[in-house]
Amino acid sequence: MASHHAGARRDRAVRAVVEQGLLSPADPDRQIVALIDTDGIRASAAALVAAFAAVTDAPVLHAFAVKACPLVPVLSLLDACGLGVEVASPGELALARAAGLPPSRTVLDSPAKTPADLRQALALGIAVNADNLQELARLDALVASAPTASPLGIRVNPQIGAGSIGALSTATATSKFGVAIRDEGARDAVVRAYLDRPWLTRLHTHTGSQGIPLALMAEGVATAYELAEEINAKAGRQQIDTLDIGGGLPVNFTSDEETPTYAGYAGLLAETVPGLLDGRYGLVTEFGRSLLAKHGTVLARVEYTKTAGGRPVAVTHAGVQVATRTVYDPVSWPLRVLAYDSDGRPRTGEEVVQDVAGPACFAGDLLATARPLPLLRADDIVAVPDTGAYYFAHPYAYNSLPRPAVHGFTVTDDEGGVSFSTVRRAQSLAEIVAEAGGEHADALLDRRPGGSVEP
Ligand SMILES: *Cc1c(COP(=O)(O)O)cnc(C)c1O
């Protein structure tokens, strides 16, 4: 039940995973599994809606960034919570449509939309944010050729600077995203683009992500707001009626505490950009990580334990295939690791500095290095919380390791009953072979006359 806090729900789920056999030493498909806390997602979606409803009466579309957790059942759940989706590729749009998201709650962003992508979006009536002025020229042709219900806008980069993770800083001076409005002449070009096109009614910016301070995000939003005000003043009417303020709320990876909160961010926006919330502008948000990260957990069996150079090492079935960012950039992306025994009970006892390794065949495949934890033993279970966004839903095929099964869970009663439902089943060996060109096994053999394969 949602009344139990996240850690208690997780403990019950781990125990139930063992009891219900979702992890099992004997079954090769059941060495690793990912869990999604359904009640946690509902609570985060409700908190997001409530946070903005508390600061504005204007209509707000909360478009979940599909990139953060591209799983159809998750999108269906968010749809049921009244949220929309932000998609950035034909694949993400297909997932959203499979989940039943209506075009009216779908937003297309992407720095590399093809003419076909744009034509499809406009035919469906999906909102589109043009990334640059070349893309805008393509929209000109499409808008002239057929009427569309799509709300259309331009993405701007307010160039407010970087956060602590360079790869995720979208609003630096040289970011690849949007029109860089502090560049020479760019602001004027954007203003002119709007004045020349009465059908441009939105303005988009996405200034944050993990590692960006909230004040910097709010500054980016303020920059976009001021640009919208300037354009509307020059147009002599409320031409821009909706501001898309992007996503990017950072997530706390160090404990179960959910901080910062949506309420805190909405409050900061109300202080920093009061005019944005006075009812003249509809809003779109595009949060990804902050909606899902805390509600996903990877569970993996410990296969072996050993020592190397005097340090204990636990070799588990979770590594680079589910925690790619952490394994390749552990300093930017530290994850917690929690120890459970083979019955799924939390391991207590003295902490010992140890490494927690994954199954892949390269030395850097480590979930945690020199981490104090109760000493892990073979057949124990490690849990890796906070992995609901950009982790197990983004599997990496190193060593042809399979995509693990994903199950949603809810705690059903006060005695610890937990019910699971399959979100995605584990990838089979046959699927791995098929995705590795299995049906083209002869493709590279000699096809010349007299060669080993006849043409
Ligand atoms: C990635 C992305 C988001 C979501 O970012 P989070 O950090 O996951 O909240 C939103 N909008 C755009 C345009 C993005 O590229």
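Within the element layout of this structure, R345 appears in the loop between β13 (338-340) and β14 (351-357). Distance in space between the C-alpha atoms of R345 and R12 is 8.8 Å, their sequence separation being 333 residues. A polar atom in the side chain of R345 sits 3.3 Å from the side chain of D343.

Below, the discussion takes up the domain arrangement of the protein. Assigned domains of the protein: these are domain 1 (3-37 + 293-438) and domain 2 (38-291). Between domain 1 and domain 2, the C-alpha centre-to-centre distance is 33 Å. Listed as interface residues are 28 residues of domain 1 and, on the opposing side, 25 residues of domain 2. When residues of domain 1 are sorted by the area they lose upon contact with domain 2, K294, W333 and Y390 head the list and together hold 27% of the total. Our enumeration of links across domain 1 and domain 2 arrives at two salt bridges. Between R336 and D256 there is a salt bridge, with the nearest N and O atoms lying 2.8 Å from each other. The interface formed by domain 1 and domain 2 includes 15 residue pairs in polar contact (both at pLDDT 80 or more). Elements that contribute at least two residues to the side of domain 1 that touches domain 2 include exactly α1 (6-19), β1 (32-37), β17 (405-411) and β18 (418-424). Ranked by residue count, the leading element in the side of domain 1 that touches domain 2 is β17, at four residues. Classifying every residue of the side of domain 1 that touches domain 2 by side-chain character gives 13 nonpolar, seven polar and eight charged.

Further remarks concern the packing of helix α4 (residues 90-98) against helix α5 (residues 115-124). Direction vectors running N to C along α4 and α5 enclose 25°, while the axes themselves pass 11 Å from each other. Considering the angle they form, α4 stands roughly parallel to α5. Judged by the sense of rotation from one axis to the other, the crossing of α4 with α5 is left-handed. When α4 is examined against α5, the residues P90, L93 and R97 are found in contact with a partner set consisting of D117, Q120 and L124. Of the residues contributing to the contact of α4 with α5, the split by class is three nonpolar, one polar and two charged.

Turning next to the site of the ligand. For the ligand, the set of nearby residues contains 14 residues, the closest of which are K67, G248, E286, R289 and Y390. Note that an oxygen atom of the ligand is positioned 2.9 Å from one of the side-chain N or O atoms of K67. R289 is positioned with one of its backbone polar atoms (N or O) 2.8 Å from an oxygen atom of the ligand. Protein contact buries 93% of the 390 Å² of open area that the ligand shows by itself. Tallied by class, the residues present in the shell around the ligand amount to three nonpolar, five polar and six charged.

According to the stated counting rule, one finds nine aromatic pairs in the structure shown. Their ring planes at 75° and their centres at 5.9 Å tell us that Y225 and Y281 sit as a pair that is edge-to-face. Taken together, the positions of Y225 in helix α8 (residues 214-235) and Y281 in the loop between α9 (262-272) and β10 (282-285) put the pair 56 residues apart, joining distant regions of the chain. Between the aromatic rings of Y328 and F362, the centroid separation amounts to 5.8 Å while the plane-to-plane angle is 15°, which identifies the pairing as stacked. Placement of Y328 in helix α11 (residues 324-328) and of F362 in the loop between β14 and β15 (366-374) is noted, with a sequence separation of 34 residues between them. By relative accessible area, Y328 is classed as partly exposed at 45%. F362 gets classed as partly exposed once you look at its relative accessible area, which sits at 23%. Members of the aromatic cluster, connected to one another through ring pairs, are F52, Y262, Y265 and F287.

Looking at chain direction, β17 and β18 are connected through six bridges and run antiparallel. Counted as the bridge partner of G408 is S421 from β18. Between the end of β17 and the start of β18, which pair antiparallel, lie six residues, with G416 showing a positive phi angle near 95°.

Rules behind the numbers
- Residues numbered from 1 in each chain as written.
- Predicted model: local features only at pLDDT ≥ 70, side-chain atom pairs only at ≥ 80, totals over all residues.
- Heavy atoms only, no water.
- Helix = DSSP H or I, 4+ residues; strand = E, 2+ residues; numbered from the N terminus.
- Polar contact = N/O pair within 3.5 Å; in protein donor to acceptor, adjacent residues only side chain to side chain.
- Domains from an automatic or database assignment.
- Contact = heavy atoms within 4.5 Å.
- Buried area = accessible area lost by both parts, 1.4 Å probe.
- Salt bridge = Lys/Arg side-chain N within 4 Å of Asp/Glu carboxyl O.
- Nonpolar A, V, L, I, M, F, W, Y, C, P; charged D, E, K, R; others polar.
- Axes fitted to C-alpha atoms, helices over the stretch in contact; angles between N-to-C directions.
- Parallel < 35°, antiparallel > 145°, perpendicular 65-115°, else oblique.
- Left-handed = near helix turned anticlockwise from the far one by under 90°.
- Near = heavy atom within 4 Å.
- Areas by Shrake-Rupley, 256 points an atom, 1.4 Å probe, with all protein chains shown as cover.
- Phe/Tyr/Trp six-rings, centres within 6.5 Å; stacked < 30°, edge-to-face > 60°.
- Buried < 20%, exposed > 50% of the residue type's maximum accessible area, 1.4 Å probe, protein only.
- Pairing = 2+ DSSP bridges.

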